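Here is how the chains run, residue by residue.
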Amino acid sequence: MHLNSLPQLLYVIFIALLAVSGAKIQDRADVVTDFECPSTVALAFNEADHYKNVDYDPTTGNSINGSFWTDSNTMETLHLLMLQTGRSDFDGLADNSFLGRNALVPSTNWETFTGPFFDDAGWAVLALWTMADYKATRHQPDVDDFFAAAATVYDLIASNWDDTCGGGVWWTVDHTYKNAITNELFLTLSAQGYLRFKNETYLENAKKVWAWIEGSGMRNDQGLYNDGLVLGTCVNNGETTWTYNQGVILSGLGALYAATGNETLISEAEITIDATIRNLTMNGILKESCDDVVLEGIPCDSDQGIWLKHLQYFLTFVHPNYPELAAKYNSFIGSQSEAVLRLATDSQLDIGSVWYAADAGGSIFSVQSLASGIMAHVTNAQYGPCL
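This is a predicted model, so every value here is computed, not measured. (Residues numbered from 1 in each chain as written. Predicted model: local features only at pLDDT ≥ 70, side-chain atom pairs only at ≥ 80, totals over all residues. Heavy atoms only, no water.)

A.B. asks: Which residues make up the overall build of the chain, and what values do they have?
C.D. replies: Tallying secondary structure elements over the chain gives 14 helices and 4 strands in all. Here the C-alpha atoms of the chain give a radius of gyration of 19 Å, agreeing with the 21 Å that 2.2 N^0.38 yields for 387 residues. A principal-axis box enclosing the C-alpha atoms of the chain has dimensions of 55 × 50 × 45 Å. Relative to its full complement of 387 residues, the chain shows a buried share of 58%. Pairs at least 24 apart in sequence give 68% of the contacts found in the chain among residues at least 6 apart. Both charge centroids of the chain, one from 18 positive and one from 46 negative side chains, sit 6 Å from each other. (Helix = DSSP H or I, 4+ residues; strand = E, 2+ residues; numbered from the N terminus. Rg over C-alpha atoms; globule rule 2.2 N^0.38 Å. Buried < 20%, exposed > 50% of the residue type's maximum accessible area, 1.4 Å probe, protein only. Contact = heavy atoms within 4.5 Å. Lys, Arg positive; Asp, Glu negative; His and termini not counted. Charge placed at Lys NZ, Arg CZ, Asp CG, Glu CD.)

Structure representation (structure tokens):
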């Protein structure tokens, strides 16, 4: 499949969907949106530079002390930032990254590479697409290799759908758990895949997995998605309502709306956005249930940035017909970015996991939490107020 032959290529960070029909792709620098906040963009790049210079190992192509799925998110975010602004500060990072290096090798065994977790595989597809988008706008070679790798990984995920609990893809190759995040990723990949490639199989999968998620019972009476289902009884297990569970569903619903025009999907997304703001915040700032200003338990991943990134994707998918939604959440988005800057960032530009209050020993400063904070600034640059 050649890039020029795609009937439509979706750039998720555009203010509207770009239709490409047999023509060469327009330089991203020519279509930069005019509402990017310069000061917030500068803040995002400052933190991204810090990641690149301090926390990225160019020898291995991995983050130092990172993990596969969080590295995928980080690569996606840095390339989203460049696409969003038309800049090329991290040019070459796609090919140098561990994920990109393997995309350039036709013999890569992606089943082994992505490991046993199909949610990890889903994050990799999003990163591969975004890196390919960046390379395409710069007219760089080997874009098709990134898309081909993403297609292979997507098919691995899709092949692990079965009728247990009425449907859904499994979390791991062991087939012992069906959960929210894996299926939400399958939803957004399928809907976005259809918008990109006009492959009806992607659209069928998107409709199928949304119907399953909607009927699964994983969303509780607060409007939030719990972690997954009890194997055997297939009922909501009542486990943690992670922020990223409430985020990835948004990009999936937004992309499926863009593909079908089904306006009920917008309402479904709003329920979850509003439930997150109502139930998963403190002092108006996103909070994971295991975050503590003073460490009192086991620390957890810093996933708030993923929620914001997928809210950003949702707003971009629906913005042409629902511009009022960007206005509705503008202030909340800005508050998250400001909290990261004022409360979570230390003098070395590292960012901690706790955003909602000043650290008193409980915030975990890691490459994962740094990337999460960068995501907050990237989203704010597009849909929030200037800091």
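There is more to say after this.
A.B. asks: Lay out the confidence of the model for the chain in plain terms, naming residues and giving numbers.
C.D. replies: Counting all residues, the mean pLDDT for the chain is 91, and 91% of those residues have values of 70 or more. Between residues 1-34, whose pLDDT stays under 50, and residues either more than four places distant or in other chains, the model counts 90 contacts. (pLDDT = per-residue confidence, 0-100.)

A.B. asks: How would you sum up the environment of Y383? Please name residues and give values.
C.D. replies: Relative to the elements of secondary structure, Y383 occurs in helix α14 (residues 367-383). The spacing of Y383 and C37 is 346 residues in sequence and 9.1 Å in space, taken between C-alpha atoms.

A.B. asks: I'd like to hear about the nonpolar core, residue by residue, with values.
C.D. replies: The biggest cluster of nonpolar side chains holds 111 residues, and the ones touching the most others in it are W123, L187, W210, F314 and W355. If near-sequence neighbours (up to four positions away) are discounted, L187 is found in contact with A206, V209, W210, I213, I249, G252, L253 and L256. (Core = buried A, V, L, I, M, F, W, Y, C linked by side-chain atoms within 4.5 Å.)

A.B. asks: Got a sec to walk through the state of the cysteines? Specific residues and values, please.
C.D. replies: A full pass over the atoms with the stated rule returns 2 disulfides. Paired by a disulfide, C37 and C386 hold their sulfur atoms 2.0 Å apart. Its S-S torsion of approximately 135° makes the covalent link between C37 and C386 right-handed. Taken together, the residues span a long stretch of sequence, with C37 in the segment before α1 (38-55) and C386 in the segment after α14 at a distance of 349 residues. (Disulfide = S-S within 2.5 Å.)

A.B. asks: Give a detailed account of the environment of N62, specifying residues and quantitative values.
C.D. replies: Structurally, the position occupied by N62 is in strand β2 (residues 62-63). What makes N62 partly exposed here is its relative accessible area of 25%. Sequence-wise, N62 and S88 are 26 residues apart; in three dimensions their C-alpha atoms are separated by 20 Å. If we skip the residues at most four places from it in the chain, N62 touches D55, Y56, D57, D71 and F98.

A.B. asks: Just give me the short version of the pattern of salt bridges, but keep the residues and values in it.
C.D. replies: What the rule picks out here adds up to 8 salt bridges. Between R219 and E268 there is a salt bridge whose closest N-O contact spans 2.5 Å. Taken as a pair, R219 in the loop between α9 (200-216) and α10 (243-260) and E268 in helix α11 (residues 264-279) lie far apart in primary sequence, 49 residues in all. On the accessibility criterion, R219 (24% relative accessible area) is partly exposed. The exposure class of E268 is buried, given its relative accessible area of 16%. (Salt bridge = Lys/Arg side-chain N within 4 Å of Asp/Glu carboxyl O.)

A.B. asks: I'd love a proper account of helix α7 (residues 143-158), names of residues and values included.
C.D. replies: Here α7 is 16 residues long and its end C-alpha atoms lie 23 Å apart, about the 22 Å a rise of 1.5 Å per residue gives. Turning to α7, its buried residues number three or more, namely V143, F146, F147, A149, A150, V153, Y154, L156 and I157. For α7, the secondary structure elements touched by its buried residues are α3 (93-96), α4 (98-103), α5 (110-114), α6 (118-137), α8 (180-197) and α9. (Expected span 1.5 Å × (residues − 1).)

A.B. asks: How would you explain the packing of aromatic side chains if you had to name every residue and give the values?
C.D. replies: Going through the model one piece at a time under the given rule, you end up with 18 aromatic pairs. A centroid spacing of 5.8 Å and a plane angle of 75° characterise the contact between Y257 and Y322, whose relative ring orientation is edge-to-face. Pair noted here: Y257 is in helix α10 and Y322 is in the loop between α12 (304-318) and α13 (323-344), with a separation of 65 residues, a long-range link. The same class applies to Y257 and to Y322, which are both buried. (Phe/Tyr/Trp six-rings, centres within 6.5 Å; stacked < 30°, edge-to-face > 60°.)

A.B. asks: Lay out the side chain of D227 in plain terms, naming residues and giving numbers.
C.D. replies: Take D227: it is sitting in the loop between α9 and α10. With no salt bridge to any partner, buried D227 finds its closest opposite charge in K178, at an N-O distance of 15 Å. Those residues in contact with D227 that lie beyond four places of it in its chain are Y177, N179, A180, N237, E239, T240, W242 and N245.

A.B. asks: Any chance you could break down the side chain of Q246 for me, citing the residues and the numbers?
C.D. replies: Relative to the elements of secondary structure, Q246 occurs in helix α10. Of the polar contacts made by the side chain of Q246, one reaches the backbone oxygen of W242; its length is 2.9 Å. Discounting chain neighbours no more than four positions away, the residues touching Q246 are L224, Y225, T241, T272, T276, L280 and W307. (Polar contact = N/O pair within 3.5 Å; in protein donor to acceptor, adjacent residues only side chain to side chain.)

A.B. asks: Describe the packing of α6 against α7, naming the residues involved and giving the relevant values.
C.D. replies: Axis separation between α6 and α7 bottoms out at 9 Å; the angle between their running directions is 160°. Relative to α7, α6 is oriented roughly antiparallel. Between α6 and α7 the crossing geometry is left-handed. Residue-level contacts link F118, A121, G122, V125, L128, W129, M131, A132, D133, K135 and A136 of α6 to V143, F146, F147, A149, A150, V153, Y154, L156 and I157 of α7. Considering only residue class, the contact of α6 with α7 consists of 17 nonpolar, 1 polar and 2 charged. (Axes fitted to C-alpha atoms, helices over the stretch in contact; angles between N-to-C directions. Parallel < 35°, antiparallel > 145°, perpendicular 65-115°, else oblique. Left-handed = near helix turned anticlockwise from the far one by under 90°. Nonpolar A, V, L, I, M, F, W, Y, C, P; charged D, E, K, R; others polar.)

A.B. asks: Describe in detail the environment of I374, supporting the description with residues and values.
C.D. replies: You can see I374 is positioned in helix α14. In the structure, I374 is positioned 246 residues away from L128 in sequence and 19 Å away in space, judged by C-alpha atoms. Once residues lying within four places of it in the same chain are set aside, the contact partners of I374 are A44, E47, A48, Y51, T77 and I351.

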